[in-house]
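Now for the letters of each chain:
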Amino acid sequence: MHLPTLSLSVLALALANPAAAAPDPLAPTGRWSPPEHAAARTPPMGWSSWNAFRTEVDEAKVLGAAQKLVDSGLAKLGYRYVNVDDGWWLKRRSSDGKLMIRTRIFPSAAIAGGDSSFRPFTDRLHAMGLKAGLYSDIGRNACSQAYDLHSPNLPEGTTAEREVGLYGHVDQDTALYFRDWGFDYLKVDACGINVYAPGAPVVLQNGYRPFPPLIDQASINRTDVAQVRSLYATVAAAVRRYRPDGDAILALCTWGSADVRRWGKDVGQMWRTSQDITPHWTRMLHSFDSASTRALYARPGAWNDPDMLFIGQGDFDAQHLTEARTHFALWAIINAPLFIGYDLRQAPDSLMKIWGNADIVRVNQDPGGHQGVIAYASDDVQTIVKTLSNGHKAVVLLNRGMAPAAINLTAAQLKFAPDAPITLRDLWSGRTLSPFNRETAFTLAPRESRVFEVGGTRRLSDGMYLSEVPGDVNVAADGVVAPEPDPVVHRMIGQWSGTRDTGERPTYAGWGGAQADATPFDQTLQVAGRAYDTGLGVLAQSRLEVRARGAERFEALVGVDDSTRDTYDAVEFLVYGDGRLLGRSGTMRFGMAARPLRVELRGARVIELVTRKVGRVTDLPLVTTWAEAALRGGAASITGSGS
Ligand code: GLA
């Protein structure tokens, strides 16, 4: 009688303590685990009301933009989503909790009897061949209710009526937005779980119900990451329920906080990596930097989102076309969603030509979905290279500063053979430059960028380096234990406080996360004194899933990176194919020369690259390097990507 009782209590204990029962994140699964979405196979494109109008949005403005997208041909290029951001709501009806639209600004939403519906509006957009997007918040209250207090379009009524966010209404609101109103896209902001703390002036002065914050943007330790993720996952499940065809986009807006780098790709189709962009050059750089080192986290169906375009205003207006073009080229090459944030009804031709550059849009929309990878970085200039499906590369050379800059572009940076001719086509002028070998040089004006499509002979004649195909890599576990703010993100003068405070620190965007062609802490890959210009850098206790795409073998030189803080622990590198162990490095330590790992894939479809500490001494981050990691032979020799 005692035995079963005992085992039941052991079982109960295991169930009560999920950590004890948690699956080993490093155990191979034998499959490509991220959810496959029908939507957002390439970065979403379109128009959003926010940067153009903030809460002063109305139907005429939105439909005017929609019409211009269609008439100008931008819609044909891919700008299809027309998104209404914050400002559309009137209140949550007290009788049944249904959200009411401010029909004064969206007249077509008015229905007899005082009800409202966006269905006529979305029908209209759909009839134009466009898609419709809407905005909500994961908490009870939205951002405008804290930051746009003078807006004429704030929710009205009692405290409960002004609770327009999803919290406590996920199923009801999601059904309304997707099933009843026919939207295709939902942006879900996070102010409701961030700035409505008990006792906060905004709460007291406006009579909001307080919400103990789940996100503290200044401190990951004071952020309830699991809870934030779970709230968004609940919305994602509701979106799937009410949009069973899967053709819906959920855009996560936690501004890079709540460790969204780690889980955004498994929950939504895009996730913001930074706080709001403003029409200032350095703020644009800040947004760009927050996403540009995160190439391995994006892929078809899941995109880093450095925020909407601000082309047309401030530093990016028609008087600053150099800056405007650079902003566009940068978003394009890192596969950022391209949302125009300008009153398109009066857009000058010079700006229309920027959004309408079909070649640069094609770079962004390449079906391989490989985010551009930083090939050269400094605070002054950067070179970003992206693999295209046609076997070419796209490259952006960027002068970040106010002085002219000389930039060399080398065959090695392109991962092209140095002795074969390399051709450059300038994607702004359309001109093809004379071919070069080894390297070529440019001088860029302040804030200028150059964008080229580049043809050449691949350095690896029979395969691809994994850092060339980040869209085929899924970072299932990145080994980050203590997420830290990312120090390589440009810090601009604060948007609201100017220089009165101590400075606006970047919101956490994933420092220590896996990187292509760099270590997780943005150092050059180097093992036992030998530097490598290509490879994957990741912390130990990591598991990367890689699509094999018909390659015959996987090869890498593996070792503990010289930059590691943990110089004590041993680690092993393991390679699995469809869940079977295909190769292992044996125990490696700091200071040991990189070991070749070469495994035949024997038809495996998914490879898993695992690094596991052996006999752990310390919890310091141990940096592991898969130098020159590549898929070779078979189909890998003929494809630059796949979709
Ligand atoms: C937040 C978001 C912005 C915008 C506003 C709306 O600040 O980050 O993109 O949606 O809210 O109030």
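Here the residue index of a chain counts from 1 through its sequence in written order. This being a predicted model, a pLDDT of at least 70 is required before a residue's local features are given, and a value of 80 or more before pairs of side-chain atoms are given or counted; all residues contribute to the totals for chains, interfaces and linings. To get the side-chain values, take all heavy atoms of the structure and skip hydrogens and water.

A word on the site of the ligand
Thinking step 1. The near set for a molecule or strand comprises every residue that places at least one heavy atom within 4 Å of it. Among the 13 residues in the neighbourhood of the ligand, the closest are listed as D85, D86, K187, D189 and D276.
Thinking step 2. Polar contacts, as counted here, are pairs of nitrogen or oxygen atoms within 3.5 Å of one another; within protein the pair requires one atom able to donate a hydrogen and one able to accept it, and residues that are adjacent in sequence qualify only if both atoms are side-chain atoms. Within the side chain of K187, an N or O atom sits 2.7 Å from an oxygen atom of the ligand.
Thinking step 3. Separating an oxygen atom of the ligand from a side-chain N or O atom of D276 is a distance of 2.5 Å.
Thinking step 4. Note on areas: Shrake-Rupley with a 1.4 Å probe; residue coverage comes only from the protein chains shown. Computed on the free molecule, the ligand has an accessible area of 310 Å², of which 95% lies beneath the protein chains in the complex.

A few points about the sheet that holds strand β29 (residues 606-614)
Hydrogen bonds between backbone groups are what pair the strands of a sheet, and the pairing can be parallel or antiparallel.
Thinking step 1. With respect to topology, five strands assemble into an open sheet ordered β19-β24-β29-β26-β27, the strand pairing being antiparallel. Edge positions in the sheet fall to β19 (473-478) and β27 (580-588), since each of these pairs with one other strand and no more. The mean angle between the axes of side-by-side strands here comes to 15 degrees, regardless of whether they run parallel or antiparallel.
Thinking step 2. Being paired, for any two strands, means DSSP has found at least two bridges between them. Secondary structure follows DSSP: runs of H or I at least 4 residues long count as helices, runs of E at least 2 residues long count as strands, and numbering of each begins at the N terminus. Sheet topology places strand β26 (residues 570-577) next to β29; eight bridges connect them, and they run antiparallel. Residue A570 lies in a different strand from β29, and its bridge partner there is V614. To define axes, lines are fitted to C-alpha atoms, for helices over the stretch in contact only, and angles between the resulting N-to-C directions are given on a 0 to 180 degree scale.

Looking at the packing of aromatic side chains
Thinking step 1. Working definition: a ring pair exists when centres of Phe, Tyr or Trp rings (six-membered ring for Trp) sit within 6.5 Å. Plane angles under 30 degrees give stacked, over 60 give edge-to-face, the rest tilted. Following the criterion strictly, the structure yields 22 aromatic pairs and no others.
Thinking step 2. For the pair W88 and W89, a centre-to-centre distance of 4.8 Å together with 35 degrees between the ring planes defines the contact as tilted. In terms of burial, W88 and W89 fall into one category: buried.
Thinking step 3. Here the aromatic residues W88, W89, F106, F118, F121, Y135, Y177, W181 and F183 are joined through ring pairs into a cluster of three or more.
Thinking step 4. Directly above the aromatic system of F521 lies the positively charged group of R565, at a separation of 5.7 Å from the ring centroid. Exposed residues in this analysis have more than 50% of their type's maximum accessible area, buried residues have under 20%, and partly exposed residues fall in between, with area computed by a 1.4 Å probe over protein chains only. Only when the NZ atom of a Lys or the CZ atom of an Arg is both within 6 Å of the ring centre and within 35 degrees of the ring normal do we say a charge sits over the ring.

Overview of the side chain of T624
Thinking step 1. Summarising the element assignment, T624 is placed in strand β30 (residues 623-634).
Thinking step 2. Residue T624 is classed as buried on the basis of its relative accessible area of 0%.
Thinking step 3. A polar side-chain atom of T624 sits 2.6 Å from the main-chain carbonyl oxygen of V538.
Thinking step 4. In this structure T624 touches L536, G537, V538, L539, A540, G559, D561, V571, F573 and T611, once residues within four positions along its chain are discounted. In what follows, residue pairs with any heavy atoms lying within 4.5 Å of each other are defined as contacts.

Let's talk about the sheet that holds strand β10 (residues 338-340)
Thinking step 1. Here eight strands make up an open sheet; going across it, the order is β9-β8-β7-β6-β5-β2-β1-β10 and the pairing parallel. Where the open sheet ends on each side, the last strands, each with one partner, are β9 (303-305) and β10. When strand polarity is set aside, the average angle formed by the axes of neighbouring strands in this sheet is 25 degrees.
Thinking step 2. Here three bridges tie strand β1 (residues 45-48) to strand β2 (residues 81-83), and the two strands are oriented parallel to one another. Bridge pairing links W47 to V82 in β2.
Thinking step 3. Sheet strands in contact with helix α8 (residues 170-180) are β5 (131-137), β6 (185-189) and β7 (249-253), and its direction is about 155 degrees off that of β6.

Focus on the nonpolar core
Thinking step 1. For this analysis, a nonpolar core means a set of buried residues of the types Ala, Val, Leu, Ile, Met, Phe, Trp, Tyr and Cys, connected via side-chain atoms within 4.5 Å. Ranked by size, the top nonpolar core spans 159 residues in total, and within it W88, F106, Y177, W355, F554 and W626 carry the most contacts.
Thinking step 2. Broken down by element, this core gets its largest block of residues, nine residues, from helix α10 (residues 225-242).
Thinking step 3. Not counting residues within four places of it along the chain, the set of residues in contact with W88 comprises L99, M100, I101, R102, F106, F118, L134, Y135, Y177 and W181.

Points about the pattern of salt bridges
Thinking step 1. Every case where a carboxyl oxygen of Asp or Glu lies within 4 Å of a side-chain nitrogen of Lys or Arg is listed as a salt bridge. Within this structure, the stated rule accounts for 53 salt bridges.
Thinking step 2. In this structure, D266 engages K265 in a salt bridge whose closest nitrogen and oxygen atoms are separated by 3.6 Å.
Thinking step 3. Taking the relative accessible area as the measure of exposure, D266 reaches 27% and is therefore partly exposed.
Thinking step 4. Taken together, the salt bridges that share partners define one network made up of D462, R553, E555, R598, E600 and R632.

Structural notes on helix α4 (residues 59-72)
Thinking step 1. To estimate the expected span of a helix, subtract one from its residue number and multiply by 1.5 Å. Taking 1.5 Å per residue as the helical rise, α4 with its 14 residues ought to reach 20 Å, and the 20 Å between its terminal C-alpha atoms agrees with that figure.
Thinking step 2. All of the buried residues along α4 are E59, K61, V62, L63, G64, A65, A66 and L69.
Thinking step 3. The N-cap residue of α4 is D58: its side-chain oxygen and the backbone nitrogen of A60 are 3.0 Å apart.
Thinking step 4. At the exit of α4 stands G73, carrying a positive phi of roughly 90 degrees.

Concerning a nonpolar patch on the surface
Thinking step 1. A patch consists of residues whose relative accessible area exceeds 30% and which take part in no salt bridge; residues with like charges are grouped when within 9 Å of each other, and nonpolar side chains (Val, Leu, Ile, Met, Phe, Trp, Tyr) when within 5 Å. A contiguous nonpolar surface patch, about 310 Å² in accessible area, is contributed by Y568, V617 and L620.
Thinking step 2. Secondary-structure assignment places Y568 in the loop between β25 (551-560) and β26.
Thinking step 3. Classification of Y568 as exposed rests on a relative accessible area of 51%.

Describing the packing of α4 against helix α6 (residues 119-127)
Thinking step 1. Close contact between α4 and α6 brings their axes to 11 Å; oriented N to C, the two are set at 15 degrees. For the element pair α4 / α6, the angle class is roughly parallel. By crossing handedness, the relation of α4 to α6 is classed as right-handed. Along its contact with α4, which presents E59, V62, L63 and A66, the element α6 presents F121, R124 and L125.
Thinking step 2. Here the contact of α4 with α6 is built from residues that sort into five nonpolar, no polar and two charged. In these notes the angle categories are as follows: under 35 degrees is roughly parallel, over 145 is roughly antiparallel, 65 to 115 is roughly perpendicular, and the rest is oblique. Two helices crossing with the near one rotated counterclockwise from the far one by less than a right angle form a left-handed crossing, whereas a clockwise rotation gives a right-handed crossing. Note on residue categories: nonpolar means Ala, Val, Leu, Ile, Met, Phe, Trp, Tyr, Cys or Pro, charged means Asp, Glu, Lys or Arg, and polar means any other residue, Gly included.

Thoughts on the domain arrangement of the protein chain
Thinking step 1. Delimitation of the domains relies on an automatic or database domain assignment. Here the protein chain is described as being made up of domain 1 (54-60 + 85-272), domain 2 (375-463) and domain 3 (473-637).
Thinking step 2. Its C-alpha centre places domain 1 at a distance of 41 Å from the equivalent point of domain 2.

Quick look at the side chain of T273
Thinking step 1. Assignment of secondary structure puts T273 in the loop between β8 (270-272) and α12 (281-292).
Thinking step 2. Of the polar contacts made by the side chain of T273, one reaches the side chain of S290; its length is 2.8 Å.
Thinking step 3. When neighbours within four sequence positions are excluded, T273 is seen to be in contact with W255, G256, S287, S290, A291, N304, D305, P306 and A509.

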